[in-house]
Amino acid sequence: MTWSDPARQAAFGSWLAALAPRHALQPQTLAPASADASFRRYFRLQGEADGHAATFIVMDAPPAVEDNRAYVDIAALLCRAGLNVPQVLDWQVEHGFLLISDLGRRTYHAELLSLDLEQGAHQRRADGLYRDALATLVTLQGIAVPEALPRYDAAMVRRELDLFPEWYIARHQGMTLDDRQQQGLNRAFEQITHVFTSQAQVLVHRDFHSRNLMVCAPVETDGAGPAPNPGLLDFQGAVLGPVAYDLVSLLRDAYLDWDEAQQIDWAARYWERARRAGVPVPDDFGTYWRDLEWTGLQRHLKVLGIFARLSHRDGKHGYLADLPRVWRQAHHVAMRYSVLTPLARLLEALAKVEARDGYTF
């Protein structure tokens, strides 16, 4: 575990040493647990829980750049709803050190990449994981939203969309838009924002995708405990926002590809379950699917900007490998709706591909 600030390193050592006896922690076993797109760092270490050997996660989240209060509060909110989230066992508020329970090492992403989807048993495994995630999402969306939770309003939508021209177009592609392209982009942003903010509002995780869902081992329960699959991570950015947001994050993941027929199948299963549970989805599935596509387009444009920023500003270049997938997802939607043709043409110019017609609506 490397440190650039000796005072912070000393504070961490003192905190961990004082905490160690309570959980039989073994500081010498501390090792990196996962990478992150933020300023947080995660480490795993050995200890004991209920008299048995266990592992724990240490989060290093400097409070000047990370909202640890949001993490603690949202974790408690989701836990009360019966969802499977890490328990916050200790929080050193001043420096942003947290000890949390460990949901394991296997993400949905890793599990799905290990499957051969030509095999029936593996297809059923993938389908089962996604059905678990859909059930969890319906539960999450049924949670009463605290008054203090941030709103995914038009200003927030536009701030996120602006990452696309700033970081992907100008910085990553080195392109300056002409007046026609800029006008087309502005109009697309207006249309996307309108669809985004016109939807029914629910609790939104904001990063409900395969790298933040954990495959948890089946456990014996008395029927009162949370379903083990999936474990939820990276929920501290939760907001009140559009009902289609988290599902499109899952189905049109920046790190995985699914055929559209499979996406529609899972979306329809979610929609039916959500309606039965009283989640405020539209009565017509076609309307919901349109909302999902446009909401996903906002996310894809934002992610293009974020991945470019992670590379150029933060030196995290690994995310660049996923840019082509996110571009395809954005272009797919822009090509489908005639009013988004200027955006489709801009995306094609950025990728230096030949213009294509093919909108559906």
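Residues numbered from 1 in each chain as written. Predicted model: local features only at pLDDT ≥ 70, side-chain atom pairs only at ≥ 80, totals over all residues. Heavy atoms only, no water.

Q: I'd like a description of the overall build of the protein chain, backed by residues and values.
A: Helices and strands together make up the secondary structure of the protein chain, namely twelve helices and nine strands. A globule of 361 residues ought to have a C-alpha radius of gyration of about 21 Å, and the protein chain, at 21 Å, matches this closely. Principal axes of the C-alpha set define a box for the protein chain whose edges measure 65 × 50 × 45 Å. Of all 361 residues assigned to the protein chain, the portion counted as buried reaches 51%. Residue pairs at least 24 apart in sequence account for 68% of intrachain contacts in the protein chain once pairs closer than 6 positions are excluded. As displayed, the protein chain has an accessible area near 16,800 Å², and 51% of this comes from carbon and sulfur atoms. (Helix = DSSP H or I, 4+ residues; strand = E, 2+ residues; numbered from the N terminus. Rg over C-alpha atoms; globule rule 2.2 N^0.38 Å. Buried < 20%, exposed > 50% of the residue type's maximum accessible area, 1.4 Å probe, protein only. Contact = heavy atoms within 4.5 Å. Areas by Shrake-Rupley, 256 points an atom, 1.4 Å probe, with all protein chains shown as cover.)

Q: Can you tell me about the environment of Leu-256, naming the residues and giving the values?
A: Relative to the elements of secondary structure, Leu-256 occurs in the loop between α8 (245-251) and α9 (260-277). On the basis of relative accessible area, Leu-256 is assigned to the buried category, the value being 8%. Along the sequence, Leu-256 and Leu-240 sit 16 residues apart, while their C-alpha atoms lie 26 Å from each other. Beyond its immediate sequence surroundings of up to four residues, Leu-256 is in contact with His-109, Leu-112, Leu-113, Tyr-130, Ser-210, Arg-325 and Gln-329.

Q: Give me the lowdown on the pattern of salt bridges, citing residues and values where you can.
A: Under the counting rule described, the total for this entry stands at 27 salt bridges. In this structure, the salt-bridge partner of Glu-66 is Arg-40, at a minimum N-O distance of 2.8 Å. Here Glu-66 is found in the loop between β3 (52-60) and α2 (68-80), whereas its partner Arg-40 is found in the loop between β1 (26-34) and β2 (41-49), with 26 residues between them in sequence. Taking the relative accessible area as the measure of exposure, Arg-40 reaches 9% and is therefore buried. The salt bridge partner of Asp-127 is Arg-131, with a shortest N-O separation of 2.8 Å. Of this pair, Asp-127 and Arg-131 both sit in helix α4 (residues 120-141), four residues apart, roughly one helical turn. Within this structure, Arg-252, Glu-260, Glu-293 and Arg-336 form a network of salt bridges that share partners. (Salt bridge = Lys/Arg side-chain N within 4 Å of Asp/Glu carboxyl O.)

Q: Describe the packing of helix α5 (residues 154-161) against helix α10 (residues 285-312), naming the residues involved and giving the relevant values.
A: Where α5 contacts α10, the two axes come as close as 8 Å, and the packing angle between them is 45 degrees. It follows from the interaxial angle that α5 and α10 lie oblique. Here α5 contributes Val-157, Glu-160 and Leu-161 to the contact with α10, which in turn contributes Gln-298, Leu-301 and Lys-302. (Axes fitted to C-alpha atoms, helices over the stretch in contact; angles between N-to-C directions. Parallel < 35°, antiparallel > 145°, perpendicular 65-115°, else oblique.)

Q: Account for the pairing of β2, naming residues and giving values.
A: Where β1 lies against β2, four bridges are found, and the strand directions are antiparallel. Across the sheet, residue Ala-31 finds its bridge partner in β2, namely Arg-44. Where β2 and β3 come together, nine bridges link them in antiparallel fashion. Within the sheet, the bridge partner assigned to Tyr-42 lies in β3 and is Met-59. (Pairing = 2+ DSSP bridges.)

Q: Account for α2, with residues named and values stated.
A: A rise of 1.5 Å per residue sets the reference length of α2, with its 13 residues, at 18 Å; its end C-alpha atoms lie 19 Å apart and thus fit the reference within 8%. What α2 keeps buried is the set Asn-68, Ala-70, Tyr-71, Val-72, Ile-74, Ala-75, Leu-77 and Leu-78. On the buried face of α2, the contacting elements are β3, β4 (88-92), β5 (97-101), α4, β6 (201-204) and β8 (231-232). Here α2 starts with a cap whose side-chain oxygen sits 3.4 Å from the backbone nitrogen of Arg-69, and that cap is Asp-67. (Expected span 1.5 Å × (residues − 1). Polar contact = N/O pair within 3.5 Å; in protein donor to acceptor, adjacent residues only side chain to side chain.)

Q: I'd like a rundown of unusual backbone geometry, residues and numbers included.
A: One non-glycine residue, Ala-24, lies in positive phi territory at about 50 degrees. Note that Ala-24 resides in the loop between α1 (6-23) and β1. Of note in this structure, Asp-50 is not a glycine but carries a positive phi near 55 degrees. Secondary-structure assignment places Asp-50 in the loop between β2 and β3. Look at Asp-50 and you get exposed, because its relative accessible area is 77%.

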